[in-house]
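# Overview (structure and organization)
Here is what each chain is made of, one letter per residue.
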Amino acid sequence: MKKRSALIVAPGRGTYNKDELGYLRRYHPHQRGMFDRFDEQRVAKGQTTLKDLDGADRFSLATMTRGDNASALIYACAYADFTSISEAFEIVAVSGNSMGWYIALACAGALSADDGFRLVNTMGTLMQESLIGGQMIYPFVDEEWRPIPGKREALLAMTRTIPGLELSIDLGGMIVFGGDEEALEAAEHALEPVGGRFPMRLANHAAFHTRMQNPVAERGRRELSLALFDQPAIPLVDGRGHAWFPKATDVEALYKYTLGHQVVEPYNFSASVKNAVREFAPDVIIVLGPGTTLGGSVAQSLIQIDWRGLSSKQAFIDRQAEDPLVLSMGMPAQRMVVTPNQ
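A brief look at the structure comes next.

Conventions we followed
Residues numbered from 1 in each chain as written. Predicted model: local features only at pLDDT ≥ 70, side-chain atom pairs only at ≥ 80, totals over all residues. Heavy atoms only, no water. Helix = DSSP H or I, 4+ residues; strand = E, 2+ residues; numbered from the N terminus. Rg over C-alpha atoms; globule rule 2.2 N^0.38 Å. Buried < 20%, exposed > 50% of the residue type's maximum accessible area, 1.4 Å probe, protein only. Contact = heavy atoms within 4.5 Å. Areas by Shrake-Rupley, 256 points an atom, 1.4 Å probe, with all protein chains shown as cover. Lys, Arg positive; Asp, Glu negative; His and termini not counted. Charge placed at Lys NZ, Arg CZ, Asp CG, Glu CD. Salt bridge = Lys/Arg side-chain N within 4 Å of Asp/Glu carboxyl O. Pairing = 2+ DSSP bridges.

If you tally the helices and strands in the chain, you get 15 helices and eleven strands. Here the C-alpha atoms of the chain give a radius of gyration of 19 Å, agreeing with the 20 Å that 2.2 N^0.38 yields for 342 residues. Considering only C-alpha atoms, the chain reaches an extent of 50 × 50 × 45 Å along its principal axes. In the chain, which comprises 342 residues, the proportion classed as buried is 58%. Counting contacts in the chain only where the partners sit at least 6 residues apart, residues at least 24 apart contribute 75% of the total. Just so you have it, the chain exposes about 14,300 Å², and 50% of that area is on carbon and sulfur atoms. Of the side-chain charges in the chain, 34 are positive and 40 negative, and the distance between the mean point of each set is 2 Å.

What follows is the structure, given as structure tokens:
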């Protein structure tokens, strides 16, 4: 049987929530040895282990959404998901959203599993210790996920008129702003409420991917060595939409991007998805767990380029019901397609 080609998309912060509690125990009990190695790194830093976090009796928002805890949990879930993908799929490229870039590096082989965890745990801890600024999210699409003419441009214009407000992530049909408290409050007052949800502050999130994170990037470069990085074995697509290819990657440039541009400049997840599907033409897109929200952002990005006739939310829903293009491993039914023996 011919393999289906797949683009892998790794999730970022905010994807391990109440419904995901117990994810490691539920889906990956056979990976206990790998998780124990990750926990050795946690113990050495005096941090709560993955075993105790994932095995808690109840979900604690205050504890599990902290950068030092959430990053580690999400990496462990996502990387373990990656290793369980059926051989029926040929992985043609790997990308990720925000922190998901670090996960993508490990999945593609540019970092070992343990060094990928070291990167994620270090940067998540540094972010939490500094907790510089915050993030807020707001949509520029209508109910059918089609861009509202001029809306995105108007949102970006706010970053030029409100001091301290910056673009953080271009996330499908949404803009994620980063900034200090004064800037985020000004933006909240300027934005019209949408659907009783937006503008939405993201709890325990710093102003990722903005110039405010320069101190974090500098500390990251001091603590994480170029020696951790290697040539990817699978093509990588970064937060600019740029592809890094096996045997053709400048490893030092990859290191500098990861602990420089990726930390302090806007992350264009939409460009990452669009360029990846154009470059590699995958049959399907597999979104690693945990969580179920990133699939919507992937779909919104695809709708913007009318990929394979996806022109609206309803068109996406119809296609998913007939022959899914996006397979989210955080959704049990779709997970069974990706890992039928799990």
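Before going further, it helps to spend a moment on unusual backbone geometry. Residue Pro199 is reached from Phe198 by a cis peptide bond, and omega for that bond is 0°. In this fold, Pro199 is placed in the loop between helix H9 (181-190) and strand S6 (200-201). Of note, the bond from Gly289 into Pro290 is cis; its omega dihedral lies within 30 degrees of zero at 5°. One can find Pro290 in the loop between strand S10 (284-287) and helix H13 (294-304). Phi is positive for Asn204, close to 60°, though the residue is something other than glycine.

Here the focus is the pattern of salt bridges. Oppositely charged side chains can pair when the atoms bearing their charge come close. Summed over all chains, the structure comprises 17 salt bridges. A salt bridge links Asp54 to Arg25; the shortest N-O distance between them is 3.8 Å. Of this pair, Asp54 sits in helix H3 (residues 50-54) while Arg25 is found in helix H1 (residues 23-27), placing the two residues 29 residues apart along the sequence. Among the residues examined, Asp54 registers a relative accessible area of 2% and is labelled buried. Note that Asp323 is salt-bridged to Arg319, the shortest N-O span being 3.5 Å. A relative accessible area of 36% means that Asp323 is categorised as partly exposed.

An order of S6-S3-S5-S4-S9 is seen for the five strands of this open sheet, with the pairing classed as mixed. Sheet topology places S6 and strand S9 (267-268) at the edges, where each strand pairs with a single neighbour.

With respect to the helices and strands, Asn69 occurs in helix H5 (residues 67-83). Its relative accessible area of 7% is what places Asn69 among the buried residues. When sequence neighbours within four positions are dropped, the list of residues in contact with Asn69 reads Arg42, Leu53, Thr63 and Met64.

What follows concerns the pairing of strand S4 (residues 165-171). In terms of residue burial, S4 counts as a mostly covered element, since seven of its seven residues are buried. When S4 meets strand S5 (residues 174-179), the two strands line up antiparallel, connected through six bridges. Each residue of the ladder has a partner; that of Leu167, found in S5, is Phe177. Taking the residues that link successive antiparallel strands as the turn, the S4-S5 hairpin has two residues, and the phi of Gly172 there is positive, at about 65°. Relative to S9, S4 is paired through two bridges, and the arrangement is parallel. Residue Asp170 lies in a different strand from S9, and its bridge partner there is Asn268.

As for its placement among the helices and strands, Ser5 is situated in strand S1 (residues 4-10). Sequence-distant contacts of Ser5, that is, excluding residues within four places in its chain, are made with Glu90, Val92, Ala281, Pro282, Asp283 and Val284.

Everything listed is a geometric property; what it means functionally is a separate question.
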